[in-house]
Amino acid sequence: MALPSSAVAPDPTVGRPLAGIGTHPWVRFGVRRLGRLLVSLWVLVTASFLMIHLIPGDPVRAALGPTAPAALVAAKREALGLNDPLAVQYLHYLQDLFTGDLGTSLISQLPVSQVVAQRLPATLQLALLGFLVAVIVAVPLGVAMGVATRRGHGRRTELAFTTTSVVLGIIPDFLIGVLLVFVFGVSLGWLPVAGNDTPSAYVLPVLALAIGPAAILSRIIRVEMVSVLDADFVRTARAKRLPPRTVYVRHALPNALTASLTLGGLILGALVAGTVLVENVFAWPGLGSTIVQSILNKDYPVVQAIVLVYGVGVLLINTLVDVALAVLDPRSMIREG
Amino acid sequence: MGRWRSVLRTPIGLTASVLTVGVLLLAALAPVMWTDDANAVDTSNILAGPSAQHWAGTDNLGRDIFFRTLVATRLSVELALAATAIGVVVGLLLGTAPFLLGRRSGRLVTAGVNIAVAFPGLLLALFFAVVFGIGATGAVLAIGLAGAPGFGRLTQTLVAGIAARDFVSAARLAGVGRVRILFRHVLPNIAEPLVVNATIGAGSALLAFAGLSFLGLGVQQPAYDWGRLLFDGIQVIYVNPAAALAPGIAVLIAGLALNLFGESIAKGLGIGVAGGIPALTDVPDLTRGADRSTQSPEPAGNTDSHLVLDVRDLQVTFPGPSGPIRAVRGISFTVGKGEAVGIVGESGSGKSVTALAVSHLVGDTGRVDARRLDLLGTDLRDDETTATRHFLGTSLAMVFQDPMTSFNPTRRMGSQLAEVARHHQGLDRRSAMERAVGRLGAVRIPDPEQRAHQYPHEFSGGMRQRAMIGMGLMGSPSLIVADEPTTALDVTVQQQVLDLLRTIRTDDDVALVLISHDVTVVREVCDRVLVMYAGRIVEDLPAGDLATAARHPYTRALVAAVPDMETDLDQPLAVIPGRPVDAADVPAGCAFAARCPLASARCRAEDPPLETSAAGRRVACWHAGEPMDVRIESRRLAEVEAP
Amino acid sequence: MKPTTRVSTATVALCATTLLLAACGGGSSSNAAKGDDSNVVDGGTFTMALKSDPGNLDPQSSAQSALFTVTQLAYDPLLSVAADSGEIQSGLATTWKEHGKKITLTLADGITCSDGSDFTASDAAANIAYVADPKNKSPFLGTYLPVGAKATADNASRTLTITLASPAPFALNGLASLPMVCKKGMKDRKSLRSTTDGTGPYQLTESAPGDHFTYQIRDGYAWGPNGATTATPGMPDQVVVKVVENESTAANLLLSGGLNAAAVIGPDATRLEKAGLFAAKTTALIGEQWYNHAQGHATSDPALRMALTQALDLGQLEKVLTSGKGTPATTLAAIEPVACPGDSVSSALPTQDVSAAKAAAKKASPSTLTFIYDTSGGPAVAAAAELAVQQWKAAGIDVKAKGQDESAINQLLFGTGDWDIAWVPLNVNAPDQLVPFLSGAGLADGGTNFSAIDNKDYSTAVTKASAMPGTSGCSTWLGAESDLFKAADIVPFANSVVETFGNGAEFETPGQLVPTSIRMVAK
């Protein structure tokens, strides 16, 4: 018996993106991204565990020296659980991590988590400020440059900007730091060049950290802007006679940003790592100076913990970048995989 | 070789090359010449400032810092090169592994490399520094291995590119082993980009080494590289700043030189740089050099007030690499209220540029000149004001060719339509969205409320084109300019879009300018047709007369070239021999002469003017209407006689 | 589970590296304000820099200089020593008598602890008992308190009687370095790790380990060194001790006013001198070369030690180490107030003789030696170390230098013993305080003779000098030291002036900054 056409139900998913929550693009994206984050975290944790075991020879011996009494070495090995089979050690390591136990410093006997907790705020402040400054400078600059040097315009501006940003991007952050110390600390004496006691002490370290990434980011954004400004949909926006500012900021910029975000994420990850160098230039009391000291002193548990902290920071940045990308450009959620 | 020389031609390339050679020379020669000077201890002159004998002052042992900096070049460069070598070799192994190992293990390696690449190099270097210990050897291994993932990724991409090529597949089919293919075919082809990237990598390794030594983790006493000198120098920066500045500047110069050298080569050889960070002056741009071209004036037409569009003597010129490009060379036409005018021609005829010009969308790069360019009484030659913007935004609708790329992929469809109303009609967000939904419905998009919240990629091509039309209808347009609106669509969808356009025309009396290379489309939709060739209008006739009463040889050839239901399937398809004229190089005389079967000497010498006949039709040809023998034409056309 | 090292590294005596303010030795200063009285500003906060975190605040748990600095703010010793004359002066005790092995002290009346309770003679006796008990592992045993000391008390007469196992000539000096803990703290030892319970002029009110410690003045305090009180005008109401590891930072903070006091000995000192800041000076031993005499080390061979010593140009090393500002070493106990002034070094130390060194080295033909030094000394130390390595190389001895930070050095010296040559300045003010380091039980036997020196001449001379009362034995003490130098068992080679700069405050630093000497001045 033929059904009347009105009784035939229309396809429920056409034009109804929220139907079936399990297949919603955001959910699928979230699951995939979380999965990737967890896998990377696992690799990071395993790598930091292996770091000590990759050291040629006996790490305890290496830390204590060839003439240390054998009893001492044995005791230390026992204490660190190094006599257990590797898999058992690994499990203990993971267990300890979950409970927040990062071990004990071989040198100061303090719990590593305490050391990390003490030094983390200074590094976080530096990294966050550096990140903010870099982005706040790079995005408007990149957009402005992109508009100024769009097809057929501003040849000279382009050359000047590109040269400057290339040079600034190549100079390593610690060199910029040294130069800043020399100019503003030694010669002019305007700004403090060590420690983090006064607000003005933040200026130079943040600058040293942010200048390079800002230069590279603005370069990328400029190139992407120029390319996007040539796109069809920008022509459409112009055809709609929208004011230029709306065309640049509401149409061109989001698309330029999506293209810049991936690289931007890598650059910001490098900025976080840059705190190690900058902290050492400016005697900044953070994780960066601690890890260097610990490596020199062969204080492995501390090094392990700080490597973990930095690694987690980088992974988080990458994840945030992917989420931001998904928010800005929903197509990327589908493209993933 | 010539490509390499081109590198030296740019100022940056030249400077970088000179500096790099200088650094290498210094690395080789400085220790030979100045080791003694660098090692001379003088404890009576500790931490002295710069002076005539010691250009950069002295260190804690009274040794000359300037000479120490020079001598340190060798160690710094050697270590950097060693680290780069390690990075490249390991990277090569990682990158060729997927090719050699097959899918599953290859994927594991790829995944591993991808995870490693996400971590900044310094972090990896610190990790390996712990494993390998501090000191020069440990640091070399650390920096080398830290750079390996990057090279691995690059190699992977390059290998994948080559592996996909035909000759590799052929070799594989022929049973050649993977390793052999790798060495014989793949590696030689990726050598060049690898070397260039390695040069840039050497620059980065140099800087990384300076960083590690600066931290105290690299070169240890009594050896010294620039980083170690910096480490010493910064501790005494207040006493003798030159102690830090000298090695700092050295690092800077050498690092910059190597990096820029590599990037210049990359640019010169057209090689992509790993990491995707754009190389120098990436975006191509046009040189300036517009030329003012003059045109013989066309007779003045009437200034009828129900003309929607009145164009007189429109010329559009663009700057080109070898002189100005005259895309439109003086055309005049009008479009009346509710009238549909089609513009046909091959690519390069100037029809799209005309569409842009009458929509005021040519942009800063092109020059638009006209004796008259009026849209509904507004002179489009004036600079754009807010009033003009609002006017154009509501009275003129544009439909572009490629619906796939004509919408902003990052914004929802509804808001892109609503934007028009918010900016030009002062509507608030809700009312504008309501109107947008309404327009979407008007162009027959089903479920418009849902659709308005979707993104463009969720629409099909035809739907997007209709949405584009709907966007044009947000105002109350008097004119729709459609540039190849159906070219990118399926035939069935084409029909829907054309029907829509027709409906809008009849319902609201909206004029239409339809540009297409497809004569059949134009014939179906338009009242009148302008045929353009090489930036000029060569014929202006009613659409109905296209098949039967075309007079210009080009028009007739265009019509004949379209197969229809009665075309003889046994005969080859009719074509117009020859190629369209290059807009940068327009010949004297009639532009079509080279391909025209009716061309005579006069045609080649003199450009025929566009002459208006009594019925209002125009044609520009010395031999208009003469019988012609379109080569390989269908039988029907051979019997047609021009009126 | 705490790792079991023989001697817990955190507790060992390293009255340290002169980079730090303090050293071991209770100096006192005159109560009178220095400079113009009209300049003095009463009250306010005095902020001083500390080079490293003291860690466990228990004053008797470690003799690290960082701890010493903060200890004297909140705790007092029984006696004090005058900076200029070396004379014993009052502390918590107002009278003292020493006959043979018995020391009788009378405490001042009305001494109160920071919680308001009284400090009695029996509290003092409990302190002595605590330190004397080897189970408590106090580093003061054997240095400031002779081994085997016993104490009894009579609260009614406020008398404390200490009976020594054998005569100790500088016992009174030692007592001047022994801080007294109040009853509450003695009962609850663990609380002393992070709080203070003492009789001192200030008390700890707030602490952020690793960052800073805040102390508040105690009104009514009247039993300071030589009777100093907190009523004196110019004393700050609050003292903030800030941990500033980097000397340049400290220098900058001083110049900007963020600090009132910091010891700066590196290149930044020149900057501060140029800026005309107030500087309190004190001498310290800064270059002291130890050899590892333990079996299994090439340096256990006296001929090699002699070769290593003769290979060096000590004068040049001293110049580099002190950036030209220092002087050759005089004695091993060089901190003010010096108990036995004199020069035991210059006549005894082997002179440079590179050819002799070469010959001996060839005979001994050692493998590569490990040489450690403290990097917190800055580039000057590293440069001097490099020079020393060069000089040894010229004599045919291969030495590998390893710069370490203070805690790592501690670990190496007292834990693992992985070193052959070490530059570790050990600063004390009385020669008997060094005896446990220069002779007697080594680390394996629970002692602090970390370099395992075993010099019969020294031990004999020490026994003799210990029997001679007070400063009368000084020449014997100095002779004992010379015996060590003649045998090249230990090589002191550089003294330096440690400057503590002040901005907005003046103070005295006889060996260390004395809290009751602080006077805030108008800037």
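Please read all numbers here as calculations on a predicted model, not as lab measurements.

## Description of the pattern of salt bridges
Then, in step 1: Under the definition given, this model contains 34 salt bridges over all chains.
Then, in step 2: For the salt bridge of B:Asp310 with B:Arg312, the shortest nitrogen-to-oxygen distance reads 3.7 Å. Summarising the burial analysis for this pair, B:Asp310 and B:Arg312 share the class buried.
Then, in step 3: It is possible to trace a salt-bridge network through shared partners that takes in B:Asp59, B:Arg63, B:Arg68 and C:Glu386.

## Section: the nonpolar core
Then, in step 1: Core analysis: the largest hydrophobic core is formed by 113 residues, its most contacted members being A:Ile291 and B:Phe214.
Then, in step 2: Considering each element in turn, this core owes the most residues, 13 residues, to helix H12 (residues 300-328) of chain A.
Then, in step 3: Among residues more than four places away in sequence, those in contact with B:Phe214 are A:Phe174, A:Val178, A:Leu277, A:Asn280, A:Val281, B:Gly227, B:Leu230, B:Phe231 and B:Ile234.
Then, in step 4: Core analysis: the second largest hydrophobic core is formed by 102 residues, B:Val335, B:Val513, B:Val531 and B:Ala543 among them.

## Concerning the packing of aromatic side chains
Then, in step 1: A full pass over the atoms with the stated rule returns 27 aromatic pairs over all chains.
Then, in step 2: Both rings, one in A:Trp26 and one in A:Phe29, keep their centres 5.8 Å apart while their planes meet at 85°; by these two values the pair is edge-to-face. Highlighted residues: A:Trp26 and A:Phe29, both in helix H1 (residues 25-54), separated by three residues, approximately one helical turn.
Then, in step 3: Residue A:Trp26 is classed as partly exposed on the basis of its relative accessible area of 38%.
Then, in step 4: Under the relative-accessibility criterion, A:Phe29 is labelled buried at 3%.
Then, in step 5: Here B:Arg451 stacks its cationic end above the ring of B:Phe459, 5.3 Å away from the centre of that ring.

## Observations concerning helix H1 (residues 65-74) of chain C
Then, in step 1: The buried count for H1(C) comes to 10 of 10 residues, which makes it a mostly enclosed element.
Then, in step 2: Considering only its buried residues, H1(C) is in contact with strand E2 (45-50), strand E9 (202-208), strand E10 (212-217) and strand E11 (238-243) of chain C.

## Observations concerning the side chain of A:Glu279
Then, in step 1: Position of A:Glu279 among the secondary structure elements: in helix H10 (residues 244-281).
Then, in step 2: When sequence neighbours within four positions are dropped, the list of residues in contact with A:Glu279 reads A:Thr123, A:Leu126, A:Trp284, A:Gly286, A:Leu287, A:Gly288, A:Ser289 and A:Tyr310.

## Points about the interface of chain B and chain A
Then, in step 1: Contacts between chain B and chain A engage 80 residues on the former and 83 residues on the latter.
Then, in step 2: Both faces combined, the contact of chain B with chain A buries some 7,100 Å², and carbon together with sulfur accounts for 73% of it.
Then, in step 3: Counting the surface chain B buries against chain A, the share from its top three residues, B:Phe127, B:Val130 and B:Leu215, is 8%.
Then, in step 4: Between chain B and chain A we count one salt bridge in total.
Then, in step 5: Between B:Glu419 and A:Lys240 there is a salt bridge, with the nearest N and O atoms lying 3.0 Å from each other.
Then, in step 6: The greatest single-element share of the side of chain B that touches chain A, amounting to 10 residues, is contributed by helix H10 (residues 242-269) of chain B.
Then, in step 7: Within the side of chain B that touches chain A, the residues separate by chemical class into 47 nonpolar, 22 polar and 11 charged.

## Overview of the confidence of the model for chain A
Then, in step 1: On average, chain A scores 82 in pLDDT, and the residues at 70 or more come to 88%.
Then, in step 2: Here residues 1-19 of chain A is a poorly scored stretch, pLDDT under 50, and it has 11 contacts once near neighbours within four places are set aside; other chains count.

## Brief notes about the state of the cysteines
Then, in step 1: One pass over the structure, following the stated rule, counts two disulfides over all chains.
Then, in step 2: Here C:Cys113 is linked by a disulfide to C:Cys182, with a sulfur-sulfur distance of 2.0 Å. Between C:Cys113 and C:Cys182 the sulfur-sulfur dihedral comes to about -100°; the bridge is accordingly left-handed. Placement of the pair is C:Cys113 in the loop between strand E6 (102-107) and helix H2 (121-132) and C:Cys182 in the loop between helix H3 (171-175) and helix H4 (183-187), with a sequence separation of 69 residues. Pair check on accessibility: C:Cys113 and C:Cys182 agree, each one buried.
Then, in step 3: Disulfide pairing is shown between C:Cys340 and C:Cys474; the S-S distance is 1.8 Å. A torsion of -85° about the S-S bond marks the disulfide between C:Cys340 and C:Cys474 as left-handed. One end of the pair, C:Cys340, is in the loop between helix H8 (314-321) and helix H9 (354-364); the other, C:Cys474, is in helix H14 (residues 474-486), and 134 residues separate them in sequence. For the pair formed by C:Cys340 and C:Cys474, the shared burial category is buried.
Then, in step 4: No disulfide involves B:Cys603; its sulfur sits 6.1 Å from that of B:Cys590, the nearest cysteine.

## Thoughts on the environment of C:Leu259
Residues and elements named next belong to chain C.
Then, in step 1: Along the chain, Leu 259 falls in the loop between helix H5 (247-256) and strand E12 (261-263).
Then, in step 2: Look at Leu 259 and you get buried, because its relative accessible area is 0%.
Then, in step 3: Between the C-alpha atoms of Leu 259 and Ala 74, which are 185 residues apart in sequence, the distance is 20 Å.
Then, in step 4: Ignoring any residue separated from it by four or fewer positions in sequence, one finds Leu 259 in contact with Thr 47, Met 48, Ala 49, Lys 242, Ala 250, Leu 253, Leu 254 and Asn 503.

## Digging into the sheet that holds strand E3 (residues 340-344) of chain B
Each strand in a sheet pairs with another by means of backbone hydrogen bonds, the pair being arranged parallel or else antiparallel.
Residues and elements named next belong to chain B.
Then, in step 1: With mixed pairing, eight strands are arranged side by side in an open sheet as E7-E8-E9-E3-E10-E11-E13-E12. At either end of the open sheet lies a strand with only one pairing partner, and these are strand E7 (396-399) and strand E12 (611-612).
Then, in step 2: Contacts from helix H20 (residues 553-561) reach E3, strand E10 (528-533) and strand E11 (536-542), with the element oriented near 105° to E10.

## Digging into the pairing of strand E1 (residues 307-318) of chain B
All names here are of chain B.
Then, in step 1: Of all 12 residues making up E1, 11 are buried, and the element is well covered by its neighbours.
Then, in step 2: For E1 and strand E2 (residues 325-336), the ladder comprises nine bridges, and the chain directions are antiparallel. Paired with Leu 307 across the two strands is Gly 336, which belongs to E2.
Then, in step 3: Two elements, E1 and strand E4 (residues 367-369), share three bridges in a ladder whose sense is antiparallel. Bridged to Gln 315 within E4 is Asp 369.

## Section: unusual backbone geometry
Then, in step 1: Omega for the bond connecting B:Gln221 with B:Pro222 falls within 30 degrees of zero, at -10°, which places this linkage in the cis form.
Then, in step 2: If you trace the backbone, B:Pro222 turns up in the loop between helix H8 (178-215) and helix H9 (226-235).
Then, in step 3: In this structure, the amide linkage connecting C:Glu336 to the following residue, C:Pro337, adopts the cis form with an omega of -15°.
Then, in step 4: Mapped onto the elements of the fold, C:Pro337 is located in the loop between H8 and H9.
Then, in step 5: Phi at A:Ala283 takes a positive value of approximately 50°, unusual for a residue other than glycine.
Then, in step 6: For B:His360, which is not glycine, the phi torsion reads 65° and is therefore positive.
Then, in step 7: If you trace the backbone, B:His360 turns up in the loop between helix H11 (351-358) and E4.

Parameters at a glance
Residues numbered from 1 in each chain as written. Chains lettered and ligands numbered in written order. Predicted model: local features only at pLDDT ≥ 70, side-chain atom pairs only at ≥ 80, totals over all residues. Heavy atoms only, no water. Salt bridge = Lys/Arg side-chain N within 4 Å of Asp/Glu carboxyl O. Buried < 20%, exposed > 50% of the residue type's maximum accessible area, 1.4 Å probe, protein only. Core = buried A, V, L, I, M, F, W, Y, C linked by side-chain atoms within 4.5 Å. Helix = DSSP H or I, 4+ residues; strand = E, 2+ residues; numbered from the N terminus. Contact = heavy atoms within 4.5 Å. Phe/Tyr/Trp six-rings, centres within 6.5 Å; stacked < 30°, edge-to-face > 60°. Lys NZ or Arg CZ within 6 Å of the ring centre and 35° of its normal. Buried area = accessible area lost by both parts, 1.4 Å probe. Nonpolar A, V, L, I, M, F, W, Y, C, P; charged D, E, K, R; others polar. pLDDT = per-residue confidence, 0-100. Disulfide = S-S within 2.5 Å. Pairing = 2+ DSSP bridges. Axes fitted to C-alpha atoms, helices over the stretch in contact; angles between N-to-C directions.

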